[in-house]
Amino acid sequence: MSTTELPASHAELMDGVYRWQRHIYDLTRKYYLLGRDRLISGLDVPQGGTVLELGCGTGRNIILAARRYPEARFFGLDISAEMLETASAAIARENLSDRVALARGDATDFDAGALFGVARFDRVFVSYSLSMIPGWEKTISEALAALAPGGSLHVVDFGQQEGLPRWFRALLRGWLKKFHVTPRESLREVLESESRRTGASFHFRTLYRGYAWLGVIGAAK
């Protein structure tokens, strides 16, 4: 899907939400986007491997992953031009532009080959983006389709806070709603269903009493 074909309503919404938020996003989100670093440490990228992040935002995760796996190449996709501007500047400051490529696109419908010149990736990860994407289930199927044989999809996002007090859950949901974020109640079921459909392995962890969920789908070799 080309930039001109992006769904205008959602792209414009995300640009509007993050036009100013992007400047303080990483400073504020580190306190409640829990589990991101655990996801990165678990990527276990092979030597010379390729990694795609869907919903790369400010570039925070892709920069940390690029530092951790210095022999790998990284690719980031986001629907927000505002976020990509911030990400591009951050990647340039870290002198990672030779190993990290960014493109604007819709995570529910993208052509990685056309955008990046790479059709399949050893690792694909999605960090706290599914809870913001309309039709997020399509992102999972698109991500799996972009995996190389033996590759893996890693997802971290808000859980249902099942082990936390009800008052905390209500407070969190109210706060997230201001940013058009909706924790996906069926996330585990969709990941598990997609793993069965594709004959892949599936591992799932509940973090911080259900505050966050972390799932990994491993494609067959």
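These numbers come from a predicted model, not from an experiment.

### A few points about the side chain of Glu 53
Within the secondary structure, Glu 53 sits in strand β1 (residues 50-54). Buried and without a salt bridge, Glu 53 has Arg 36 as its closest oppositely charged side chain, separated by 7.8 Å. Contact partners of Glu 53, with chain neighbours within four places excluded, come to Asn 61, Ile 62, Phe 75, Gly 76, Leu 77, Phe 125 and Ser 127.

### Focus: the environment of Ala 65
Along the chain, Ala 65 turns up in helix α4 (residues 60-68). If we skip the residues at most four places from it in the chain, Ala 65 touches Ile 40, Leu 43 and Phe 74.

### Quick look at the confidence of the model for the protein
Looking at the protein as a whole, its pLDDT mean stands at 88, while 86% of the residues score no less than 70. Within the model, the stretch residues 1-7 combines pLDDT values under 50 with 14 contacts to residues more than four positions away or in other chains. A low-confidence stretch, residues 19-31 stays under pLDDT 50, and its non-local contacts, those more than four residues away or across chains, total 18 contacts.

### Brief notes about helix α9 (residues 187-198)
In this model α9 runs 17 Å from its N-terminal to its C-terminal C-alpha over 12 residues, within 8% of the 16 Å that 1.5 Å per residue would give. For α9, the complete set of buried residues consists of Leu 187, Val 190, Leu 191, Glu 194 and Ser 195. Here the buried residues of α9 occupy an arc of 135° about the axis, which is enough to place them on one side. Pointing more than 90 degrees away from the buried face of α9 are the exposed residues Arg 196 and Arg 197. Buried residues in α9 make contact with α7 (136-145), β5 (147-158), β6 (201-207) and β7 (212-218). Two residues or fewer past α9, Gly 199 is found with a positive phi of approximately 70°.

### Quick notes on the packing of α7 against α9
Packing of α7 against α9 brings their axes to within 11 Å, and their N-to-C directions diverge by 35°. You can see that α7 and α9 cross each other, and the crossing is right-handed. Contacts between α7 and α9 involve Trp 136, Glu 137, Ile 140, Ser 141 and Leu 144 on the former and, on the latter, Leu 187, Val 190, Leu 191, Glu 194, Arg 197 and Thr 198. When grouped by side-chain class, the residues that make up the contact of α7 with α9 number 6 nonpolar, 2 polar and 3 charged.

### What about unusual backbone geometry?
Unusually for a residue other than glycine, Asp 44 sits at a positive phi of about 50°. If you trace the backbone, Asp 44 turns up in the loop between α3 (36-41) and β1. By relative accessible area, Asp 44 is classed as exposed at 56%. Even without a glycine there, the phi angle at Gln 161 is positive, about 55°. In this structure, Gln 161 sits in the loop between β5 and α8 (166-177).

### Remarks on the environment of Asp 122
Tracing the backbone through its elements, the reader meets Asp 122 in strand β4 (residues 121-127). In contact with Asp 122, other than residues within four places in its own chain, are Pro 46, Gly 49, Thr 50, Leu 147, Ala 148, Gly 151 and Ser 152.

Calculation notes
Residues numbered from 1 in each chain as written. Predicted model: local features only at pLDDT ≥ 70, side-chain atom pairs only at ≥ 80, totals over all residues. Heavy atoms only, no water. Helix = DSSP H or I, 4+ residues; strand = E, 2+ residues; numbered from the N terminus. Buried < 20%, exposed > 50% of the residue type's maximum accessible area, 1.4 Å probe, protein only. Lys, Arg positive; Asp, Glu negative; His and termini not counted. Salt bridge = Lys/Arg side-chain N within 4 Å of Asp/Glu carboxyl O. Contact = heavy atoms within 4.5 Å. pLDDT = per-residue confidence, 0-100. Expected span 1.5 Å × (residues − 1). Arc of directions from axis to C-beta. Axes fitted to C-alpha atoms, helices over the stretch in contact; angles between N-to-C directions. Left-handed = near helix turned anticlockwise from the far one by under 90°. Nonpolar A, V, L, I, M, F, W, Y, C, P; charged D, E, K, R; others polar.

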